[in-house]
Amino acid sequence: MPRKGMRSLCFSPRSPSFSTSRQSTTSESTASSTNRRRFSESMIEQTIDAAATIIMKWDADTSAYAKVTSLFYESKREALRFIRSVNELQKTMHLLVSEQGSGSEKLVRAQILMQTAMKRLQKEFYQILSMNRAHLDPESVSTRSSRTSARSSTSDFDDDDEIRTAGDSISEIEEVSSMAMSDLKLIADCMIASGYAKECMHIYKIIRKSIIDEGIYKLGIEKLSSSQVNKMEWDVLDLKIKNWLEAEKISMRTLFTGERILCDQVFATSDLIKESCFTEISKEAAILLFGFPELVAKTKKYSQEKMFRVLDMYSAISEDWKEIETIFSFESTSTVRLQSLDSLVRLSESIRSLLMDFESTIQKDSSKTMIPGGGLHPLTISSMNYLTLLADYSNILTDIISDWPPPAKSTLPASFLFSPDSEDSTAPAISVRFAWLILVLLCKLDGKAKHYKDVSLSYLFLANNLQHVISRVRTSNLHYILGEEWITKHEAKVKQFTSNYEPLAWGEVFASLPENPTAPITAGKAKDCFRKFNASFENAYWKQRSCIVPDSKLREEIKVSIGAKLVTLYRDFYNTHISTVGDERSARLFVRFSPEDIGNYFSDLFYGTVSSGSSSTSSSVSSHHRRQMLRSPLRV
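The model shown is predicted, which means the values in this text are computed figures rather than measured ones. (Residues numbered from 1 in each chain as written. Predicted model: local features only at pLDDT ≥ 70, side-chain atom pairs only at ≥ 80, totals over all residues. Heavy atoms only, no water.)

A.B. asks: What exactly am I supposed to notice about the overall build of the protein chain here?
C.D. replies: Broken down by element type, the protein chain carries 27 helices and zero strands. For the protein chain, the residues scored as buried account for 45% of the 636 residues in total. Across the protein chain, the fraction of contacts at a sequence separation of at least 24, relative to all contacts at a separation of at least 6, is 80%. Total accessible area computed for the protein chain in this model is approximately 32900 Å², and 54% of it derives from carbon and sulfur atoms. (Helix = DSSP H or I, 4+ residues; strand = E, 2+ residues; numbered from the N terminus. Buried < 20%, exposed > 50% of the residue type's maximum accessible area, 1.4 Å probe, protein only. Contact = heavy atoms within 4.5 Å. Areas by Shrake-Rupley, 256 points an atom, 1.4 Å probe, with all protein chains shown as cover.)

A.B. asks: Honestly, the nonpolar core in this entry has me stumped. Any pointers?
C.D. replies: Taken as a class, soluble globular proteins show a tendency for nonpolar side chains to be buried jointly. One finds Phe-125, Trp-506 and Phe-537 to be the most contacted residues of the largest nonpolar core, which totals 171 residues. Looking at this core, you find at least three residues from each of domain 1 (365–420 + 434–482) and domain 2 (513–604). (Core = buried A, V, L, I, M, F, W, Y, C linked by side-chain atoms within 4.5 Å. Domains from an automatic or database assignment.)

A.B. asks: Can you walk me through the environment of Glu-214 in this structure?
C.D. replies: Within the secondary structure layout, Glu-214 lies in helix α10 (residues 197–218). Glu-214 sits 71 residues away from Ala-285 along the chain, and the two C-alpha atoms are 9.7 Å apart.

A.B. asks: Please clarify how helix α12 (residues 234–266) should be interpreted in this entry.
C.D. replies: Because the α-helix completes a turn every 3.6 residues, residues three or four places apart line up on one side. Helix length check: α12, at 33 residues, gives a terminal C-alpha distance of 45 Å against a target of 48 Å (1.5 Å per residue), a fit within 8%. The principal kink in α12, of about 50 degrees, is found at Ser-251. (Expected span 1.5 Å × (residues − 1). Bend = angle between axes of the 7 residues up to and from the residue.)

A.B. asks: Quick question: what am I supposed to make of the packing of aromatic side chains here?
C.D. replies: What describes a pair of aromatic rings is the distance from one ring centre to the other and the angle between the planes of the rings. Applying the stated rule across the entire model yields 25 aromatic pairs. With a centroid separation of 5.3 Å and 65 degrees between ring planes, the pair formed by Phe-256 and Phe-328 is classed as edge-to-face. Of this pair, Phe-256 sits in helix α12 while Phe-328 is found in the loop between α15 (321–327) and α16 (334–364), placing the two residues 72 residues apart along the sequence. There is no split in this pair, since Phe-256 and Phe-328 are both buried. When the centroid spacing of 5.2 Å and the interplanar angle of 70 degrees are considered together, the rings of Phe-537 and Phe-593 count as edge-to-face. With a gap of 56 residues between them, Phe-537 in helix α22 (residues 523–544) and Phe-593 in the loop between α24 (584–590) and α25 (595–602) connect regions that are remote in the sequence. Judged by relative accessible area, which is 0%, Phe-537 ranks as buried. A cation over a ring is seen here: Arg-260 above Phe-278, with NZ or CZ 5.6 Å from the ring centre. Seen from the ring of Trp-404, Arg-433 lies directly overhead, with NZ or CZ sitting 3.7 Å from the centre. (Phe/Tyr/Trp six-rings, centres within 6.5 Å; stacked < 30°, edge-to-face > 60°. Lys NZ or Arg CZ within 6 Å of the ring centre and 35° of its normal.)

A.B. asks: Hey, could you run me through the pattern of salt bridges in this one?
C.D. replies: Side chains carrying opposite charge are able to pair once their charged atoms draw close together. Scanning the model with the defined rule gives 36 salt bridges in all. For Lys-209, the salt bridge is made with Glu-284, and the minimal N-O distance between the two is 3.2 Å. Here Glu-284 lies in helix α13 (residues 271–298) and Lys-209 lies in helix α10, a separation of 75 residues in the sequence. Each member of the salt-bridge network shares a partner with another, and the members are Asp-238, Lys-242, Arg-309 and Asp-312. (Salt bridge = Lys/Arg side-chain N within 4 Å of Asp/Glu carboxyl O.)

A.B. asks: Looking at this structure, I do not really get unusual backbone geometry. What am I missing?
C.D. replies: Comment: phi is negative for the bulk of residues other than glycine, and the bulk of peptide bonds are trans. Non-glycine residue Phe-606 carries a positive phi angle of around 70 degrees. Relative to the elements of secondary structure, Phe-606 occurs in the loop between α25 and α26 (615–620). Residue class for Phe-606 comes out buried when judged on its relative accessible area of 0%.

A.B. asks: I'm lost on empty space enclosed by the protein in this one. Help?
C.D. replies: One simple way to see leftover space: roll a probe sized like a water molecule over the atoms. Per the counting criterion, the structure on display carries one cavity of 30 Å³ or more. Volume-wise, the largest cavity comes out at about 40 Å³. Lining the largest cavity are Ser-367, Lys-368, Thr-369, Met-370, Ile-371, His-377, Lys-448, His-451, Tyr-452 and Phe-461. Its residues assigned to classes, the lining of the largest cavity shows four nonpolar, four polar and two charged. (1 Å grid on protein atoms, 1.4 Å probe; cavity = no way out; pocket = protein on both sides within 12 Å on 5 of 7 lines; lining within 4 Å. Points joined across faces, edges and corners; volume = space filled by probe spheres on them. Nonpolar A, V, L, I, M, F, W, Y, C, P; charged D, E, K, R; others polar.)

A.B. asks: Would you take a moment to explain the packing of helix α6 (residues 105–131) against α10 for this structure?
C.D. replies: Helix-helix packing is characterised by the crossing angle of the two axes and by the distance between the axes. With their axes 10 Å apart at the nearest point, α6 and α10 run at an angle of 20 degrees to one another. Here α10 runs roughly parallel to α6, going by the angle between their axes. In the packing of α6 onto α10, the handedness of the crossing is right-handed. Along its contact with α6, which presents Gln-122, Phe-125, Tyr-126, Leu-129 and Ser-130, the element α10 presents Glu-199, Cys-200, Ile-203, Tyr-204, Ile-207 and Arg-208. (Axes fitted to C-alpha atoms, helices over the stretch in contact; angles between N-to-C directions. Parallel < 35°, antiparallel > 145°, perpendicular 65-115°, else oblique. Left-handed = near helix turned anticlockwise from the far one by under 90°.)

A.B. asks: Sorry, what's going on with α13 here?
C.D. replies: Helix length check: α13 (28 residues) gives 38 Å between terminal C-alpha atoms against 40 Å at 1.5 Å per residue, within 8%. Along α13, the helix axis deviates most sharply at Ser-282, where the bend reaches about 45 degrees.

A.B. asks: Even after reading the chapter, I still don't get the side chain of Glu-294, so can you show me in this structure?
C.D. replies: Within the fold, Glu-294 resides in helix α13. Those residues within four positions of Glu-294 in sequence are excluded, and the remaining contacts are Gln-339, Asp-342, Ser-343 and Arg-346.

A.B. asks: Any chance you could explain the packing of helix α18 (residues 394–401) against helix α19 (residues 429–449) here in plain terms?
C.D. replies: Where α18 meets α19, the closest approach of the two axes is 8 Å, and the angle between their N-to-C directions is 100 degrees. Taken together, the axes of α18 and α19 lie roughly perpendicular to each other. In this structure, α18 contributes Ser-394, Leu-397, Thr-398 and Ile-401 to the contact, and α19 contributes Ala-429, Ile-430, Arg-433 and Phe-434.

This is the structure we're talking about:
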């Protein structure tokens, strides 16, 4: 027994010692955990109390001051403290949920405070958006681009003070705009982090959509149906197209660009929210804007008048295509991109159709009226006016025509099928198309030339009209489309026409003189030659004086070509045989013109008038020569 007791006593000191050590460690750990918990609870209470102080101060339901005052306008420092308190409150609520569960009294209090804070932030968000409509309008928001243009525009001021004032004004606008965007982002970030993204988005969408819708309305863009557009008179439709062109430019430079910038900045923390807001705000207005050109393209009226407006609209969309893809890059705004693309496709189809209509109009021209004096046909003038205007859109037409099959050559008369300008398969599509349209015109003119009974006049008609075509080509963008080789080929055709004209119009005059004008002949033969020359020259002169050559260069070339040959031939005959016909009195009977007279009479030609009182005649022919011609029996 004693031993047993001794064994017990031997173990007892160790046992209590070991037990005390473990209990001591556990107690310290429990105390430390309790202390941390108490410290944490203390910090939580302090955080909630601090948040409650500032949140309740700005509770519009309990404070008359808060009801009429804006937190962000009153004190930016306090606004930042408010936001920090809300963020800290949010972290505290997460901590309370993890430690105490959702039934904690502190959590309930924190949630009530959070709801109050969110209500205040919604009010602030709404106020900033509403009160800064002028500074947050899309034009002001797109400051990065507008700043440059605004500052460059100060060069219009002459006075240094005006420049300084303008610069200060621009800086002030930018500062207010930038500050408003910064405040909106601060509130949006806080509300999104606190789980109130939906409420924030709702306010933003309502206010900003009203701005976009109002902007589109003020730009004159309205919802129209295809039947409404079809019923419009051209003057009305033309005005709407002009308005659309201006509206599209403003919309892409400021309205949608500015809205995208604002949306991206305010909701920078969430791509989904950014996309949702921008889509709901801008999609409807953008589709309305880019849907109008498609309606115009579908109209079947106003062929030639419509062409250039359609080209203008195509140009506007194609030039802004990169911006359209950038601004409406979201998947949810793909319908805007598709609508823009549909309009481009419809417009290009309309342009091709209008070009075919133009070709058809030329081919169907059935007028048989002969132009007096072989002058310019109205079809030539109107067609070239049209083509030169079209050539100003060569870049756009290059895109539209590039994959368009070449025209069918069978539509031309057989004599034109092997024309050099219709055979160039390596030429750009736009060059081929324009060369083709001119070729169609020339074919039609060739048919009209056949209505002249006087063949010489038909050649003059062809020369005049082709010369007009060449002149318009040379002095317009058609020059770059068709090229110098095309001009050279057709100038050769003009020379060919004038070469054919000369012998037909003046052949009898040349035939009245001997082939060798200086060869000796009898007096009777000389008198007979002078008599024939007088009659044939007067006949040709009065006939050709009613002809017209509008192009001054061509007119001089024809006069020089015929006059130089005829005057040279007649001078040789005149100088050789004037003495053969007898004395001076006999010479006056048979010799009516001197070589100088012939040259002077040619100066009267190709002005398209038989009136001796015309300004061109009076400035070209001496009174002596007029009196001589008045004595002519052919004149009587």
